[in-house]
Amino acid sequence: TSVGKSSEDEYKDKLLGGLLAPGFDEGSCLSRYQASLYRKLSPYKPSSYLLSRLRNYEDLHKRCGPHSEPYKRTVNELMVGNKNITRSRETECKYVVYTFHSKRGLGNRIQAATSAFLYAILTNRVLLIDQGKDMSDLFCEPFPESSWFLPENFPLKNNLDLFNQTSHDSFGNMLKNNMSKSNPSAYLYVYLEVDYDFYDKLFFCDENQPFLSRVPWLILKTSQYFVPSLFLMQCFEQELGRLFPNRTTVFHHLGRYLFHPTNQVWGLITRYYEAYLANADERIGIQIRVFEGSFVPQKDVTDQILSCTMNQKLLPQVNEQNFVVPPPSGKPRLKAVLVTSLGKGYYEILRNMYWENPTVTGDFVGVYQPSHDEFQQTEKQSHNRKALAEIYLLSLTDVLVTSARSTFGYVAQGLGGLRPWILYRPDGENLTVPGPPCVQLMSTEPCLHAPTYYDCKAKTGVDVGNVVPYVRHCEDTRWGIKVV
Ligand code: GDP
């Protein structure tokens with residue numbers, strides 16, 4: 001449905017089933033309340049408990065957010081020089097600061113920030129996001145009457161980029177060095193990047209959470225969707241069950257709650273949608289991600305895409321004999337294919353194929369690609385705006401085909417509530433394309449690529465894809481796990 005076709009009825013889901021709070025200024029962030037004009041009604045309803053927890057969170061964020069009195073007081077604890085001061089009282093507001101490696105792409109950041117937000121909800125903390133500049137150019141404020149961006153004058157701001165696995169004030173190194181847990185410091189740095197080590201991973205042990213809950217500032221550095229690991233922790237089990245009776249909707253709901261493109265990005269999205277996608281009978285998104293270091297000839301990738309989309313009947317076959325086949329019944333359908341990729345070769349092949357040959361069904365297929373920036377340019381804002389617009393446009397399609405192990409695709413599928421067909425990654429020494437070429441995902445949830453494999457209670461390794469029925473190994477990453 002496009003804005004042009006909107007009616008009051010279609011606008012009734014403006015608040016996305018109650019996920020969004022009413023009362024924001026509409027003009028300053030058009031996407032917030034216009035998203036429902038472009039999205040299909042979600043098949044997943046948020047639980048009333050989730051809605052009430054979000055409203056509580058918003059109150060907490062307003063009370064404790066940047067520049068509030070409690071914020072200033074808690075920041076002061078960081079500045080007294082001695083970070084090990086003994087606190088006589090329980091700190092009134094506690095925070096999770098989410099920070100990331102500046103080279104991380106958007107998909108990584110969005111999924112990691114969503115995980116940090118869920119952790120904040122579960123532990124009654126306030127989420128603040130580092131790197132306000134480039135993120136604020138992309139996303140509106142999600143919480144009413146406050147900001148989720150870490151203020152520029154945050155005392156540890158300059159340290160955030162420097163934090164890494166070897167930092168002595170990290171939680172992992174604290175455990176490694178047997179430092180006492182009796183007197184928690186004002187802040188702790190939690191390293192949850194893909195190369196986190198045994199001690200860093202002990203973050204996900206129930207027994208460490210009471211200690212962590214006493215630290216006012218937790219600074220999380222991660223690019224991972226660590227939600228599946230939270231689902232394996234007993235201390236959060238009950239609360240997660242109440243928040244998400246349908247466990248596979250965590251990213252779908254929280255992602256749509258948090259990420260509203262700024263007006264500039266919303267312009268990119270809506271103009272493209274109206275010009276190329278709105279009038280189609282069906283929209284098919286194809287996201288092609290070729291990772292550095294795993295070069296596969298373009299022809300092989302194209303063959304894989306074609307055999308996936310044809311086998312699964314997502315796209316019609318073409319008739320290369322070139323005689324026109326009449327449509328089976330009535331009016332031919334118009335299918336719009338949205339291709340996103342850093343290169344433009346795949347798009348050209350598809351577009352030409354449907355231009356040069358008729359389809360056997362008589363349907364018409366238009367193929368479109370918004371941009372082809374050739375390589376990732378995360379330091380460039382115009383590049384990031386387009387990347388976000390494309391993720392969002394993919395999420396507005398009816399059928400999605402994505403590349404294995406790409407968080408760019410995960411975010412699109414999660415926002416859209418879609419179970420995409422995922423193109424297996426070419427494997428082995430000669431990077432051969434496997435057969436079958438693709439598989440439909442079990443759930444819309446993203447995959448956690450590098451989980452901890454440690455059973456904290458038994459103190460041994462465990463296959464975390466086999467502990468509970470609702471956390472399984474991912475289809476596209478054998479060693480990863482996801483909520484299904
Ligand atoms: P991942 O690396 O596939 O998991 O996804 P990320 O989003 O984290 O990082 C990839 C980055 O490369 C994106 O954020 C974009 O900057 C860029 N990129 C990759 N694929 C595309 C694409 O199809 N379109 C655009 N515009 N950018 C892309």
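First, a word on what this report is: a plain description of the structure on this page. Values in this document were obtained by computation on a predicted structure and should not be read as measured data.

## Comments concerning the overall build of the protein
Here is step 1 of the chain: Tallying secondary structure elements over the protein gives 15 helices and 14 strands in all.
Here is step 2 of the chain: On C-alpha atoms alone, the protein measures out to a radius of gyration of 23 Å, which is about the 23 Å that the 2.2 N^0.38 rule sets for 484 residues.
Here is step 3 of the chain: In the protein, which comprises 484 residues, the share counted as buried stands at 41%.

## What about the packing of helix 4 (residues 106-122) against helix 10 (residues 250-258)?
Here is step 1 of the chain: At a minimum axis distance of 10 Å, the contact between helix 4 and helix 10 shows a crossing angle of 95 degrees. Of the possible angle classes, the one that applies to helix 4 and helix 10 is roughly perpendicular. Only V250, F251, L254, G255 and L258 of helix 10 make contact with helix 4, whose side of the interface consists of I110, T114, F117 and L118.
Here is step 2 of the chain: The residue makeup of the contact of helix 4 with helix 10, split by class, is 7 nonpolar, 2 polar and no charged.

## So, helix 2 (residues 48-64)
Here is step 1 of the chain: Here helix 2 spans 24 Å end to end across 17 residues, near enough to the 24 Å set by a 1.5 Å rise per residue.
Here is step 2 of the chain: All of the buried residues in helix 2 are L50, L51, L54, L60, H61 and C64.
Here is step 3 of the chain: Against helix 3 (69-79), strand 2 (126-129), helix 9 (234-243) and helix 10 lie the buried residues of helix 2.

## Considerations on helix 14 (residues 381-395)
Here is step 1 of the chain: In this model helix 14 runs 21 Å from its N-terminal to its C-terminal C-alpha over 15 residues, within 8% of the 21 Å that 1.5 Å per residue would give.
Here is step 2 of the chain: Every buried residue belonging to helix 14 is among N384, R385, K386, A387, L388, A389, E390, I391, Y392, L393, L394 and S395, and all of these are buried.

## Points about the packing of helix 4 against helix 15 (residues 407-416)
Here is step 1 of the chain: For the pair helix 4 and helix 15, interaxial distance at closest approach is 7 Å and the crossing angle is 55 degrees. The angle between helix 4 and helix 15 falls in the class oblique. In the packing of helix 4 onto helix 15, the handedness of the crossing is left-handed. Every residue of helix 15 that contacts helix 4 at G107, N108, I110 and Q111 is listed here: T407, F408, Y410 and V411.
Here is step 2 of the chain: When the residues that make up the contact of helix 4 with helix 15 are grouped by side-chain class, the tally is 4 nonpolar, 4 polar and no charged.

## Let's talk about unusual backbone geometry
It is generally the case that most residues other than glycine have a negative phi and that most peptide bonds are trans.
Here is step 1 of the chain: At H67, a residue that is not glycine, the phi angle is positive and equals roughly 75 degrees.
Here is step 2 of the chain: Locating H67 in the fold gives a position in the loop between helix 2 and helix 3.
Here is step 3 of the chain: Look at H67 and you get exposed, because 9 C-beta atoms sit within 10 Å.

## Observations concerning the sheet that holds strand 6 (residues 334-341)
Here is step 1 of the chain: With respect to topology, 6 strands assemble into an open sheet ordered 7-6-5-8-9-10, the strand pairing being mixed. Every interior strand has two partners, whereas the edge strands, strand 7 (364-368) and strand 10 (438-440), have only one. Pairs of neighbouring strands in the sheet enclose a mean axial angle of 20 degrees, with direction left out of account.
Here is step 2 of the chain: Packing against the sheet, helix 13 (residues 345-356) makes contact with strand 5 (282-288), strand 6 and strand 7, and its axis sits at approximately 165 degrees to strand 6.

## Concerning the nonpolar core
Here is step 1 of the chain: Counting 120 residues, the largest nonpolar core has V96, A116, L127 and V190 as the members making the most contacts within it.
Here is step 2 of the chain: V96 has contacts with A116, Y119, A120, R125, L127, L218 and L220, leaving out every residue within four places of it along the chain.

## Points about the environment of P245
Here is step 1 of the chain: Looking at where P245 falls in the secondary structure, it is placed in the loop between helix 9 and helix 10.
Here is step 2 of the chain: P245 sits in the partly exposed class, given 13 other C-beta atoms within 10 Å.
Here is step 3 of the chain: Placed 198 residues apart in sequence, P245 and S47 show a C-alpha to C-alpha distance of 7.1 Å.

## Quick notes on the site of the ligand
Here is step 1 of the chain: Contacts to the ligand come from 21 residues, most closely from G105, G107, Q376, S406 and T407.
Here is step 2 of the chain: Where the shell around the ligand is concerned, the elements lending two or more residues are helix 4, strand 6, helix 14 and helix 15.
Here is step 3 of the chain: For the shell around the ligand, the element with the most residues is helix 14, which contributes 4 residues.
Here is step 4 of the chain: When its residues are assigned to classes, the shell around the ligand shows 4 nonpolar, 12 polar and 5 charged.
Here is step 5 of the chain: When residues of the shell around the ligand are assigned to domains, at least three fall in each of domain 2 (48-258) and domain 3 (263-483).

## Let's talk about the sheet that holds strand 1 (residues 95-99)
Here is step 1 of the chain: Across the sheet, 4 strands lie side by side as 2-1-4-3; this open sheet has parallel pairing. The sheet is open, and its two borders are formed by strand 2 and strand 3 (187-191), each paired with just one other strand. On average, adjacent strands in this sheet sit at an angle of 25 degrees to one another, irrespective of strand direction.
Here is step 2 of the chain: When strand 3 meets strand 4 (residues 217-221), the two strands line up parallel, connected through 5 bridges. Considered in strand 4, the bridge of Y191 is made with K221.

## Regarding the pairing of strand 5
Here is step 1 of the chain: Taken across its 7 residues, strand 5 has 6 buried, putting it largely inside the fold.
Here is step 2 of the chain: With 7 bridges connecting them, strand 5 and strand 6 associate as parallel partners. The residue of strand 6 that forms the bridge with I288 is S341.
Here is step 3 of the chain: As defined by bridge partners, strand 5 adjoins strand 8 (residues 399-403) across 3 bridges and the pair is classed as parallel. Bridged to I284 within strand 8 is V399.

Definitions and limits used
Residues numbered from 1 in each chain as written. Predicted model: local features only at pLDDT ≥ 70, side-chain atom pairs only at ≥ 80, totals over all residues. Helix = DSSP H or I, 4+ residues; strand = E, 2+ residues; numbered from the N terminus. Rg over C-alpha atoms; globule rule 2.2 N^0.38 Å. Buried ≥ 20, exposed ≤ 12 C-beta atoms within 10 Å, placed from the backbone. Axes fitted to C-alpha atoms, helices over the stretch in contact; angles between N-to-C directions. Parallel < 35°, antiparallel > 145°, perpendicular 65-115°, else oblique. Contact = placed C-beta atoms within 7 Å. Nonpolar A, V, L, I, M, F, W, Y, C, P; charged D, E, K, R; others polar. Expected span 1.5 Å × (residues − 1). Left-handed = near helix turned anticlockwise from the far one by under 90°. Pairing = 2+ DSSP bridges. Core = buried A, V, L, I, M, F, W, Y, C linked by C-beta atoms within 7 Å. Near = placed C-beta within 6 Å. Domains from an automatic or database assignment.

So, to be careful, I would describe these as geometric facts and stop short of saying anything about function.
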